[in-house]
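# Summary of structural features
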Amino acid sequence: MKHSIYVKFIIIYIVAAILCFVFVAEGTSKLIMNHMTADKAATLYQEAVLLSTNYAEDYYRSQTASSFETVHSHFSALDTYLNARIWLIDIDGTVILDSEEKLTGLENTAHFIEKFDPTSFGTSYYMTGDFFGEFDEEVLSVISPINYNLRVRGYLVIHTEMDELYAEKEHMLNIVYITLAVLLLISLISLLFVGLILYYPMKKIMKAASEYAAGNLSYQVELNTEDEFGRLAGSMNLMAKELNDMERYKEDLSFEIRNLEKNIETEHQILENTIAQTVKSRREEIEKAYNTEIEKLVGKDRKIKGQREKAKEKGVIDRIAEETKPVYEENAKIRGEIANIMKKNKL
């Protein structure tokens, strides 16, 4: 099944739009979430460093109930401000202070985290998850060590629910989706303009090419623009005109060649007839002269034969005469002697 290039553009556009939405839903969503998580973690880490420096160290320095209450009050105030939960954790994993727990005494609020391992943070200062199984929902946890007398005495950890970040991410994604939809609409309008500017002139040129391929060299491309398509249409029209003129010249030349071949064939036929007539006449003349000469030769032959017969007869007579000459002479001599005798005797 053949598709025009415009349909292919539409298909490519639809596929590209789908891929854009898929990328935004998957790739951009992850990028935004990672960026928001890192940004939120950086903000909480600054607060955690400030709290561990200004308040938590004072608690480890004095280890009194008043200092514990002071730290708890500040943590509770920041809990509401940051919308986060603040823990003070000892190095063995004991949570000795929780900003969301009411202050009923140090021992009553403390609980132990069995799987607590600060090294699981690696080189980062935050992590996402259930924080070693302490939460049922996903949270962002930022940790800051508490140093006192060049020793790590504990850790200040700030937890915030990821649902807030996810909601903010969805809000930002909605903005991205709206922006993407506007961009796709603009690109669709651009594609329509591309169709008007490029596709329809190309369609006319393809129509002209089909007409030329079918032998219709008189077809003209009606495209009066000053751009590349207009110049291409003008060149095609000029090419078609020259080809049409060449075709006409070829037809005229073919007609002249056919007439010339016909004339040559006629002249050839006349020449053949003339030659045949000449040969026939000459043959008749030769046969007539041959017959005349034959008759002459036959007459001469007959005359020669007659002469030969006469000569033959004469030769026989001469031969007989020659052979009988002595007899004649002897007879003549005898007759002479008889005459002389008779004369003498007077008989």
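The structure displayed is predicted, hence computed values, not measured ones.

### Quick look at the nonpolar core
Generally speaking, a soluble globular protein has its nonpolar side chains buried in company with each other. In terms of nonpolar packing, the biggest core is built from 30 residues, with Leu 51, Phe 75, Ile 86, Leu 156 and Ile 158 touching the most fellow members. Of all the secondary-structure elements, those providing two or more residues to this core are helix H1 (5-62), helix H2 (65-82), strand E1 (85-90), strand E2 (94-98), strand E5 (139-148), strand E6 (151-161) and helix H4 (162-213). Broken down by element, the residue count for this core peaks at ten residues, all from H1. If near-sequence neighbours (up to four positions away) are discounted, Phe 75 is found in contact with Leu 51, Ile 86, Leu 88, Leu 97, Ser 99 and Leu 156. Ile 113, Phe 121, Ile 143 and Tyr 155 belong to the second-largest nonpolar core, a separate cluster that totals 13 residues.

### Overview of a nonpolar patch on the surface
Nonpolar side chains collect at one region of the surface, where Leu 185, Ile 189, Phe 193, Val 194, Leu 196, Ile 197, Leu 198 and Tyr 200 lie side by side and expose about 740 Å² of accessible area between them. Relative to the helices and strands, Leu 185 is located in helix H4.

### Some words on the sheet that holds strand E4 (residues 126-129)
If you walk across this open sheet you meet the six strands as E3-E2-E1-E6-E5-E4, and the pairing is antiparallel. The sheet terminates laterally at strand E3 (111-112) and E4, the two strands that pair on one side only. Relative to E6, E1 runs antiparallel, the two being bridged by six bridges. If you follow Leu 88 over to E6, its bridge partner there is Leu 156.

### Re the side chain of Asn 237
Checked against the element boundaries, Asn 237 lands in helix H5 (residues 228-345). Aside from chain neighbours lying at most four places away, what touches Asn 237 is Tyr 212, Tyr 219, Gln 220 and Val 221.

### Remarks on the packing of aromatic side chains
Inspection of the entire model under this criterion finds ten aromatic pairs. Ring centres of Phe 116 and Phe 131 lie 6.3 Å apart, and the angle between their planes is 50°; on these two criteria the pair is classed as tilted. Placement of Phe 116 in the loop between E3 and E4 and of Phe 131 in the loop between E4 and E5 is noted, with a sequence separation of 15 residues between them. We classify Phe 131 as buried; its relative accessible area is 1%. Taken together, the aromatic side chains of Trp 87, Phe 116, Phe 121, Phe 131, Phe 132, Phe 135 and Tyr 155 make up a single cluster linked through ring pairs.

Calculation notes
- In this numbering scheme, every chain counts its residues from 1 along its sequence in written order.
- Local features are withheld for residues below a pLDDT of 70 in this predicted model, meaning they are given only at 70 or higher, and side-chain atom pairs are given and counted only at 80 or more; totals for whole chains, interfaces and linings count all residues.
- Excluded from the side-chain calculation are hydrogens and water; included are all heavy atoms of the structure.
- As used here, the term nonpolar core means buried Ala, Val, Leu, Ile, Met, Phe, Trp, Tyr and Cys residues forming a set that is joined through side-chain atoms within 4.5 Å.
- Burial classes: relative accessible area under 20% of the type maximum marks a residue as buried, over 50% as exposed, and values in between as partly exposed (1.4 Å probe, protein chains only).
- Helix and strand assignments come from DSSP, with helices taken as H or I runs of at least 4 residues and strands as E runs of at least 2, each series counted from the N terminus.
- The criterion used for residue contact is that any of the two residues' heavy atoms lie within 4.5 Å.
- A residue counts toward a patch only above 30% relative accessible area and without a salt bridge, and it is joined to like-charged neighbours within 9 Å or, for Val, Leu, Ile, Met, Phe, Trp and Tyr, to nonpolar neighbours within 5 Å.
- All accessibility values rest on the Shrake-Rupley procedure with a 1.4 Å probe; residue burial counts only the protein chains present in the view.
- Put simply, a salt bridge is a Lys or Arg side-chain nitrogen that is within 4 Å of an Asp or Glu carboxyl oxygen.
- Pairing between two strands is assigned when DSSP locates at least 2 bridges connecting them.
- Any two rings among Phe, Tyr and Trp, with Trp reduced to its six-membered ring, count as a pair given centres within 6.5 Å; such a pair is stacked if its planes are under 30 degrees apart, edge-to-face if over 60, and tilted if neither.

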